[in-house]
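Reading the structure
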Amino acid sequence: MTVQNSDKTLSRKQRLQEKQRRQLAVVDTVDKAEVKLRKAEAELAVAVAEAVQVFGDERTASEGLDMPVEAVRRFVGIAAHESAEADGPDA
């Protein structure tokens, strides 16, 4: 009987380890995707900020990009934040 309990415990432990391994793999995948998303969002923000300069204002850029003004403002804010971070605390 003791041997069977030991086998069951080992099997349960192996199942838990496999479940944890899969969970960690998924978390790692999500973390990597979030990094890519933040990078893409920052690149888009810079492009939208440049569009605002080219079009002249946020409303016209919104129309030209077929993007809500709120989204344009959000991306301009992100671009400004990214620029401030790139300049560092000395700027």
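As a starting point, this report considers the structure included with it. Remember, predicted model here, so these are calculated numbers, not experimental data. (Residues numbered from 1 in each chain as written. Predicted model: local features only at pLDDT ≥ 70, side-chain atom pairs only at ≥ 80, totals over all residues. Heavy atoms only, no water.)

**A short note on the packing of helix 2 (residues 58-65) against helix 3 (residues 69-87)**
With their axes 9 Å apart at the nearest point, helix 2 and helix 3 run at an angle of 110° to one another. Here helix 2 lies roughly perpendicular to helix 3, going by the angle between them. Judged by the sense of rotation from one axis to the other, the crossing of helix 2 with helix 3 is right-handed. The residues of helix 3 that touch helix 2, namely those facing Glu-58, Arg-59 and Ser-62, are Val-69, Val-72, Arg-73 and Val-76. (Axes fitted to C-alpha atoms, helices over the stretch in contact; angles between N-to-C directions. Helix = DSSP H or I, 4+ residues; strand = E, 2+ residues; numbered from the N terminus. Parallel < 35°, antiparallel > 145°, perpendicular 65-115°, else oblique. Left-handed = near helix turned anticlockwise from the far one by under 90°. Contact = heavy atoms within 4.5 Å.)

**Some remarks on unusual backbone geometry**
The backbone of Asp-66 shows a phi angle near 55°, a positive value even though the residue is not glycine. Structurally, Asp-66 can be placed in the loop between helix 2 and helix 3.

**Concerning the packing of aromatic side chains**
By the definition in use, this model includes 0 aromatic pairs. The positively charged end of Arg-74 is found above the aromatic ring belonging to Phe-75, 4.9 Å away from the centroid. (Phe/Tyr/Trp six-rings, centres within 6.5 Å; stacked < 30°, edge-to-face > 60°. Lys NZ or Arg CZ within 6 Å of the ring centre and 35° of its normal.)

**Brief notes about helix 2**
Measuring from the backbone nitrogen of Arg-59 back to the side-chain oxygen at the start of helix 2 gives 3.3 Å, which picks out Asp-57 as the cap. One or two steps after helix 2, the chain reaches Asp-66, where phi turns positive at roughly 55°. (Polar contact = N/O pair within 3.5 Å; in protein donor to acceptor, adjacent residues only side chain to side chain.)

**As for the nonpolar core**
Nonpolar side chains tend toward joint burial in soluble globular proteins. Counting 10 residues, the largest nonpolar core consists of Ala-45, Val-48, Val-52, Ala-61, Met-67, Ala-71, Val-72, Phe-75, Ile-78 and Ala-79. Counting residues per element, the ones that place at least two in this core are helix 1 (2-55) and helix 3. In terms of residue count, the dominant contributor to this core is helix 3 (5 residues). Once residues lying within four places of it in the same chain are set aside, the contact partners of Val-72 are Val-48, Val-52, Glu-58, Ser-62 and Met-67. (Core = buried A, V, L, I, M, F, W, Y, C linked by side-chain atoms within 4.5 Å. Buried < 20%, exposed > 50% of the residue type's maximum accessible area, 1.4 Å probe, protein only.)

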